[in-house]
Number of protein chains: 2
Amino acid sequence: MQASGAESHGNMIGAQDRGAVPMVELWRGNLCESLHYGHAVVVDTTGQIVEAWGNPQAVIYPRSSCKMVQALPLLESGAADAAGLSPKQLALACASHNGAAIHSEAVTSWLGEMGMGEADLRCGPQEPADIPARDALIRAGESPCQIHNNCSGKHAGFLTLNRHLGGGSEYTEFDHPVQQASLQAFEEVTGEAIRGWGVDGCSAPNFSTSLLGLARAMGRFAGAREGQGLRESAQARLTQAMMTYPEMVAGETRACTDLMRAMNGQAAIKTGAEAVFVAILPGKGLGIALKVLDGTTRASEAAIAALLVKYGVLDPAHPAAKERLNPELRSRRGLLAGEIRVADGFA
Amino acid sequence: MQASGAESHGNMIGAQDRGAVPMVELWRGNLCESLHYGHAVVVDTTGQIVEAWGNPQAVIYPRSSCKMVQALPLLESGAADAAGLSPKQLALACASHNGAAIHSEAVTSWLGEMGMGEADLRCGPQEPADIPARDALIRAGESPCQIHNNCSGKHAGFLTLNRHLGGGSEYTEFDHPVQQASLQAFEEVTGEAIRGWGVDGCSAPNFSTSLLGLARAMGRFAGAREGQGLRESAQARLTQAMMTYPEMVAGETRACTDLMRAMNGQAAIKTGAEAVFVAILPGKGLGIALKVLDGTTRASEAAIAALLVKYGVLDPAHPAAKERLNPELRSRRGLLAGEIRVADGFA
């Protein structure tokens, strides 16, 4: 504030973000045009902090980044094996997919195997992010349905578990046995009681946790191996399914798919709405979680790519890495206008 | 940082944002899930600060928020009157439009009046944000063209000015007479030399300024009346055109259009990419400019709505105001999930 006599409002940074740090910058010409703050934490398989930026105790919603946690009861209950689910279906249960044909066909088949259909889902309709699928619907004059919802694989998993448990049809309600099983697994792997819960975009409960709790859960997944125990086997199978079928976890052009392909079995990663990103590094024995304060995906993608490079599982020269770490901004006529950069001091 | 022995990175807030303050929050359940920082400043018609949040000296790109400044040479040169441009066309010259039929038809006619066509534009193609227009293109199997670009009205204005000045065809180049005229007007109304320039999404130069400079420009527009002088007449005509034809400035469902309709001639407002927003309040003699640090539009819309309410030109009970100030977040099945709120201490 320069002018005298004017009403002034001071710098209140720190009151609500409790220490977020600059993570990602957008540069245009010679100016940093926009700036993203956030928190990130890397832990080992025992949950000990290896490195952190900002405040690991920041309380967040994992949103879709915790789908592999939500899928644990599906395996641990025996429901997945009773239904004969394939690793590809397990990957889809952990997905935020594009609604491309490969996803909607797989969910349709899965529901059919249970004698169920689109009307049994409770995720709500969503226009596919996949452009060919979107355009095909528009040309056919059809509306998107619940199968196109990016969470429909998770919900097919919920329905499979629900059939096994014999619960009622409203499986997204907080008190429903499916969600209570999810809650129990969530608290066990984060090592914390939840701080509350909110309604996710797909209408299922989403549980809040510290960022450290979410990283701790990813660390446990990273340390788990098949045959160690019920929990560890489930974790290892889900991690392996995500790494084996990266196209089922998101879709073409998406960060999760592109980066998992580039890392070729060295990490399973998952995005969540409002700029959450997690990574499971089984070979390194590390779990990672980050949250960009303002919820912007371009920043969470750049930040997770930077951490994957730093921890030696992503080659920064790979085109999929470059596209997230340091993408060019171009005008609609193709002129170079700027770039996204990871902030000095982060990763 | 809690753990001992771990590598820690301290809080660097303040190093780059120089004092941005919390402006807008996203709440889900009982938790503030995401948070947006920014800068805002309100000035009178002489450019004196009336009120400010964060740092009015923050250097920004106005992006499309300064289209009424870029249109000044079109009027002041006599080109607009020589071409017989209507107030509706002047509003379109200041627009970031949806590419709806009313916009593309108006730009097509305008180019036709000059004996020109789509190929004379230099803004590049863009898929219409207007859903009916987008779907019509997809059903017809057609690609979006430059007329659909949200800036095509501004570029039709550039072409009109260029014809008057007799410049070459590459009117978006920095050294071109059209852009040099724009630069001169920009420096005069902001009261500052530019700090540099970048390539905008439409390939035209975008000049950087302090946020205070941008607000000062809006204050001058707010104080201008027809008949006072060449500059003031041009400013008053552009402000009036925007307020009279809000549907030409953006389009259905868009904040600029909805809020200008709600304010019914009390303010002209304009958004810019990366979360800039400006307002011209002729009746109050005030100019406003704000920038959300992270570039998120939901936050700049909530913030400008809050300032318009505070300065008495927007009724907070109007549905268009409520939709920006405090919109509900709902799941894809329609369940209430949370809301956007203006942060305590802002506006």
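Residues numbered from 1 in each chain as written. Chains lettered and ligands numbered in written order. Predicted model: local features only at pLDDT ≥ 70, side-chain atom pairs only at ≥ 80, totals over all residues. Heavy atoms only, no water.

Looking at an unreviewed UniProt entry, one finds chain A named Asparaginase and attributed to Pseudooceanicola antarcticus.

Caption draft 1: Examining the side chain of Thr 296 of chain A more closely. Counting through the fold element by element, Thr 296 of chain A comes out in the loop between β11 (286-292) and α13 (297-310). Residue Thr 296 of chain A is classed as buried on the basis of its relative accessible area of 14%. (Helix = DSSP H or I, 4+ residues; strand = E, 2+ residues; numbered from the N terminus. Buried < 20%, exposed > 50% of the residue type's maximum accessible area, 1.4 Å probe, protein only.)

Caption draft 2: Region of interest: the pairing of strand β3 (residues 31-44) of chain A. Residue and element names in this part refer to chain A. Burial analysis of β3 places 12 of its 14 residues in the buried class, which makes it a mostly covered element. Looking at chain direction, strand β2 (residues 21-28) and β3 are connected through 7 bridges and run antiparallel. The residue of β3 that forms the bridge with Glu 25 is Leu 35. Connecting the antiparallel pair β2 and β3 is a turn made up of 2 residues, with Gly 29 showing a positive phi of about 55°. In terms of strand pairing, β3 meets β11 through 7 bridges, oriented antiparallel. (Pairing = 2+ DSSP bridges.)

Caption draft 3: Quick look at the interface of chain B and chain A. On the side of chain A, 79 residues touch chain B, which itself brings 79 residues to the contact. Where chain B touches chain A, the interface holds 6 salt bridges. Between Arg 298 of chain A and Glu 274 of chain B there is a salt bridge, with its nearest N and O atoms 2.8 Å apart. Taken together, chain B and chain A are joined by 29 residue pairs in polar contact (both at pLDDT 80 or more). Mapped onto the side of chain B that touches chain A, the elements with two or more residues apiece are β1 (7-9), β2 (21-28), β3 (31-44), β4 (49-53), β5 (59-60), α6 (131-140), β6 (197-199) and β13 (336-342) of chain B. Ranked by the residues each element gives to the side of chain B that touches chain A, the list is headed by β3 of chain B, at 6 residues. Classifying every residue of the side of chain B that touches chain A by side-chain character gives 29 nonpolar, 29 polar and 21 charged. (Contact = heavy atoms within 4.5 Å. Salt bridge = Lys/Arg side-chain N within 4 Å of Asp/Glu carboxyl O. Polar contact = N/O pair within 3.5 Å; in protein donor to acceptor, adjacent residues only side chain to side chain. Nonpolar A, V, L, I, M, F, W, Y, C, P; charged D, E, K, R; others polar.)

Caption draft 4: Structural detail: empty space enclosed by the protein. Residues and elements named next belong to chain A. For the structure on display, the rule yields 3 cavities of 30 Å³ or more. In this structure, the largest cavity is lined by Lys 67, Gln 70, Ala 71, Leu 74, Ala 93, Lys 154, Gly 157, Phe 158 and Leu 161. Those elements that provide at least two residues to the lining of the largest cavity are α1 (67-70) and α7 (152-165). In terms of residue count, the dominant contributor to the lining of the largest cavity is α7 (4 residues). Here the lining of the largest cavity is composed, by residue class, of 5 nonpolar, 2 polar and 2 charged. (1 Å grid on protein atoms, 1.4 Å probe; cavity = no way out; pocket = protein on both sides within 12 Å on 5 of 7 lines; lining within 4 Å. Points joined across faces, edges and corners; volume = space filled by probe spheres on them.)

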